[in-house]
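A look at the structure
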Amino acid sequence: MILIIPDAATQGGSNSQSNISNLVFVGDSRTVGMQSAVGSNDTWSGKVSAGLDWMKSSGVPNVEGKIGNGSAVIILMGVNDLYRSDGYISYINEKASTWASKGAYTYFVSVNPTEGSYNHLNSDIYSFNQKLKGGLSNVTYIDTNSYLKSSGFSTTDGLHYTSDTYNKIYNYIKSHL
């Protein structure tokens, strides 16, 4: 399932980039859940079980026409293929350069923690996040993982979050643009 909702101007209150005029989210099932929880008029391209191949073939192409001067492209990907950090780094760096030439800003949001039966993923998530943080160029890294670990979070199944946690993540992202 792909959700794309028309973009609307963002209220610039907490944004340090005062010229950000629209938010464009690209992500996996956690992004689909966040969009459902926050109910915003931002632009969203998300798919359950999505990974790098989907991001390249559909996720980004679905919203490419919405990315321009003043856009904040916010990428929330990786939990479904934590072993492909090099591919993410290469693709995101390439796209960030293209988007910057259009006046857009690129943000990568860390892969967030899991719990319960998915707890075993946390060491791979940490490694993935460290590689992305160190390898991305002209991309702002937003560390929601550390934020959730320190402030607390709730999941519905160990992997996907409650509505309150999705809202918490969304607001944290917006405050770091």
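Residues numbered from 1 in each chain as written. Predicted model: local features only at pLDDT ≥ 70, side-chain atom pairs only at ≥ 80, totals over all residues. Heavy atoms only, no water.

**Details of the pattern of salt bridges**
The test is simple: Take a side-chain nitrogen of Lys or Arg and a carboxyl oxygen of Asp or Glu: if they are within 4 Å of each other, that pair is a salt bridge. In DSSP terms, a helix is any run of H or I states spanning at least four residues, a strand is any run of E spanning at least two, and both are numbered starting from the N terminus. Per-residue accessibility, obtained with a 1.4 Å probe over protein chains only, is compared with the maximum for each type, and a residue is labelled buried under 20%, exposed over 50%, and partly exposed between these values.
Tallied over the entire structure, the rule returns three salt bridges. Of the charged contacts, one joins Lys-95 and Glu-64 as a salt bridge, the two residues approaching to 3.2 Å between their closest N and O atoms. Of this pair, Lys-95 sits in helix α3 (residues 85-101) while Glu-64 sits in the loop between α2 (52-59) and β3 (71-76), and the two are 31 residues apart along the sequence. Summarising the burial analysis for this pair, Lys-95 and Glu-64 share the class buried. Among the salt bridges present, the one from Asp-81 reaches Arg-84, with a minimum N-O distance of 3.9 Å. When its relative accessible area of 23% is taken as the criterion, Arg-84 is described as partly exposed. Sharing partners across several salt bridges, the network here consists of Asp-53, Asp-81 and Arg-84.

**Comments concerning the packing of aromatic side chains**
What counts, and what does not: The aromatic pairing rule takes the rings of Phe, Tyr and Trp, using the six-membered ring of Trp, and pairs them if the centres are within 6.5 Å, calling planes under 30 degrees apart stacked, those over 60 edge-to-face and the rest tilted. For a Lys NZ or an Arg CZ to count as sitting over a ring, it must be within 6 Å of the ring centre and within 35 degrees of the ring normal.
Evaluation of the coordinates by the stated rule reveals nine aromatic pairs. Seen from their ring centres, Tyr-161 and Tyr-166 are 5.6 Å apart, and the 90 degrees between their planes marks the pair as edge-to-face. By the ring-pair criterion, three or more aromatic residues cluster together here, those being Tyr-88, Phe-108, Phe-128 and Tyr-141. The ring of Tyr-147 carries Lys-168 above its face, with NZ or CZ at 5.6 Å from the centroid.

**A word on the packing of helix α1 (residues 29-38) against helix α6 (residues 163-175)**
Our working rule: An axis is simply a line fitted to the C-alpha atoms; with a helix, the fit covers only the stretch in contact. Between two such axes, the angle follows the N-to-C directions and lies from 0 to 180 degrees. Note on terminology: angles under 35 degrees are roughly parallel, angles over 145 are roughly antiparallel, angles of 65 to 115 are roughly perpendicular, and the others are oblique. Throughout, a residue-residue contact means that at least one pair of heavy atoms, one from each residue, lies within 4.5 Å. By the convention adopted, Pro, Cys, Tyr, Trp, Phe, Met, Ile, Leu, Val and Ala count as nonpolar, Lys, Arg, Asp and Glu as charged, and the other residues, Gly among them, as polar.
Relative orientation of the contacting elements α1 and α6 amounts to 95 degrees, with a least axis distance of 9 Å. The pairing of α1 with α6 is recorded here as roughly perpendicular in orientation. Each of Ser-29, Arg-30, Gly-33, Met-34, Ala-37 and Val-38 in α1 lies in contact with α6, whose residues at this interface are Ser-163, Tyr-166, Asn-167, Ile-169, Tyr-170 and Ile-173. Looking at the contact of α1 with α6, its residues break down into seven nonpolar, four polar and one charged.

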